[in-house]
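Below, each chain spelled out in residue letters.
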Amino acid sequence: MKKLSKNFFKKDSVEVAQNLLWKIIQVWDKAWIIFEVEAYKGLCDEASHAYSKKTPRNTLMYETFWVVYVYLIYWMHYCLNFTSDEQKPWAVLIRGVKDLKTWKIYDWPWKLTKFFGIDKSFNGIPLSKSFPQGEKNLIWVFDNKIKIENIQKTPRIGIKKATDKKWRFICEI
């Protein structure tokens with residue numbers, strides 16, 4: 001399997017989000033299919049952490065792309081995102097993953113970060129990084145070469161602003 005390239009993440013977050021569907025995410029020794037994501041578009045998206053200005057929490061969205069962006073919600077749950085577009089503070093939230101062998105699903109952002117053991121220590125890790133054997137915070141995204149169809153586009157979940165945007169994307173088996 002081939003890791004996703006820098007060019008894959010160099011695009012608009014809506015495009016990156018849709019293209020992440022059915023890609024393989026590997027954290028440590030666990031590899032699952034991404035089937036649900038949400039796009040966030042910084043300064044033009046009131047639901048984005050980067051909407052009003054650059055802060056310590058959202059700095060990665062402004063200064064990087066192609067990296068892991070992790071934040072805490074409700075003071076207890078982590079959410080996993082990948083930054084996109086090298087010029088804008090955009091990101092894609094990973095909402096759901098599925099094991100194709102067992103059909104086990106983690107379909108809430110906090111469930112999948114808990115399962116994978118993702119916490120704030122993953123924040124800022126480049127998706128390009130090659131990790132030595134046994135290195136902490138191992139995370140990669142691979143191409144799956146599966147052509148997908150029937151992408152559902154719905155409003156994002158758990159937000160109060162920009163609810164008209166259909167930037168939640170789901171592709172079931």
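Since the structure is predicted, the reported quantities are computational estimates derived from the model, not experimental observations.

### Some points on the overall build of the chain
Then comes step 1: For the chain, the helix and strand inventory stands at four helices and nine strands.
Then comes step 2: Reading the chain from its N end, one meets helices and strands in the order α-α-β-β-α-β-β-β-β-α-β-β-β.
Then comes step 3: Oriented by its inertia axes, the alpha-carbon framework of the chain measures out at about 40 × 35 × 35 Å.
Then comes step 4: Expressed as a percentage of the 173 residues in the chain, the buried residues total 49%.
Then comes step 5: The contacts in the chain between residues at least 6 apart in sequence include a share of 58% that link residues at least 24 apart.
Then comes step 6: For the chain, the computed accessible surface area is about 9100 Å², with 52% contributed by carbon and sulfur atoms.

### Points about the packing of aromatic side chains
Then comes step 1: For the structure on display, the rule yields 10 aromatic pairs.
Then comes step 2: Between the aromatic rings of Phe-9 and Phe-82, the centroid separation amounts to 6.1 Å while the plane-to-plane angle is 85°, which identifies the pairing as edge-to-face. Of this pair, Phe-9 sits in helix H1 (residues 6–9) while Phe-82 is found in strand S4 (residues 77–84), placing the two residues 73 residues apart along the sequence.
Then comes step 3: Assessed through its relative accessible area of 1%, Phe-9 is described here as buried.
Then comes step 4: Note on Phe-82: relative accessible area 0%, which makes it buried.

### Brief notes about a nonpolar patch on the surface
Then comes step 1: A grouping of Leu-72, Tyr-74, Trp-75 and Met-76 is seen on the molecular surface, where their side chains present a nonpolar patch of about 580 Å² in accessible area.
Then comes step 2: By the element assignment, Met-76 lies in the loop between strand S3 (68–73) and S4.
Then comes step 3: According to the relative accessible area criterion, Met-76 is exposed, its value standing at 55%.

### Brief notes about unusual backbone geometry
Then comes step 1: Although it is not a glycine, Trp-103 sits at a positive phi angle of roughly 70°.
Then comes step 2: Its location among the elements puts Trp-103 in the loop between strand S5 (90–98) and strand S6 (105–106).
Then comes step 3: Notably, Lys-145 is not glycine yet its phi reads approximately 60°, a positive angle.
Then comes step 4: Relative to the helices and strands, Lys-145 resides in the loop between strand S7 (139–142) and strand S8 (152–154).
Then comes step 5: On the basis of relative accessible area, Lys-145 is assigned to the exposed category, the value being 71%.

### Some remarks on the pattern of salt bridges
Then comes step 1: Applying the stated criterion across every chain, the model contains 11 salt bridges.
Then comes step 2: Between Asp-45 and Arg-156 there is a salt bridge, and its shortest N-O distance comes to 2.6 Å. Placement of Asp-45 in the loop between strand S2 (30–41) and helix H3 (59–63) and of Arg-156 in the loop between S8 and strand S9 (168–170) is noted, with a sequence separation of 111 residues between them. Here the two residues Asp-45 and Arg-156 agree in accessibility, since each one is buried.
Then comes step 3: Each of the salt bridges in this network shares a partner with another, and the network as a whole consists of Glu-36, Glu-38, Arg-95 and Arg-168.

### Some points on the pairing of S7
Then comes step 1: Burial along S7 is two-sided: the residues Ile-139 and Val-141 and Trp-140 and Phe-142 are all buried.
Then comes step 2: In this sheet, S7 lies alongside strand S1 (residues 24–27) in antiparallel orientation, the contact comprising four bridges. Pairing of Ile-24 across the sheet is with Phe-142, part of S7.

### Quick look at the environment of Lys-2
Then comes step 1: Note that Lys-2 resides in the segment before H1.
Then comes step 2: Remark: the alpha-carbon pair of Lys-2 and Trp-140, spanning 138 residues in sequence, is separated by 9.9 Å.
Then comes step 3: Not counting residues within four places of it along the chain, the set of residues in contact with Lys-2 comprises Val-141, Phe-142 and Asp-143.

What counts, and at which threshold
- Residues numbered from 1 in each chain as written.
- Predicted model: local features only at pLDDT ≥ 70, side-chain atom pairs only at ≥ 80, totals over all residues.
- Heavy atoms only, no water.
- Helix = DSSP H or I, 4+ residues; strand = E, 2+ residues; numbered from the N terminus.
- Buried < 20%, exposed > 50% of the residue type's maximum accessible area, 1.4 Å probe, protein only.
- Contact = heavy atoms within 4.5 Å.
- Areas by Shrake-Rupley, 256 points an atom, 1.4 Å probe, with all protein chains shown as cover.
- Phe/Tyr/Trp six-rings, centres within 6.5 Å; stacked < 30°, edge-to-face > 60°.
- Patch = residues over 30% accessible without salt bridge, like charges linked within 9 Å, V, L, I, M, F, W, Y side chains within 5 Å.
- Salt bridge = Lys/Arg side-chain N within 4 Å of Asp/Glu carboxyl O.
- Pairing = 2+ DSSP bridges.

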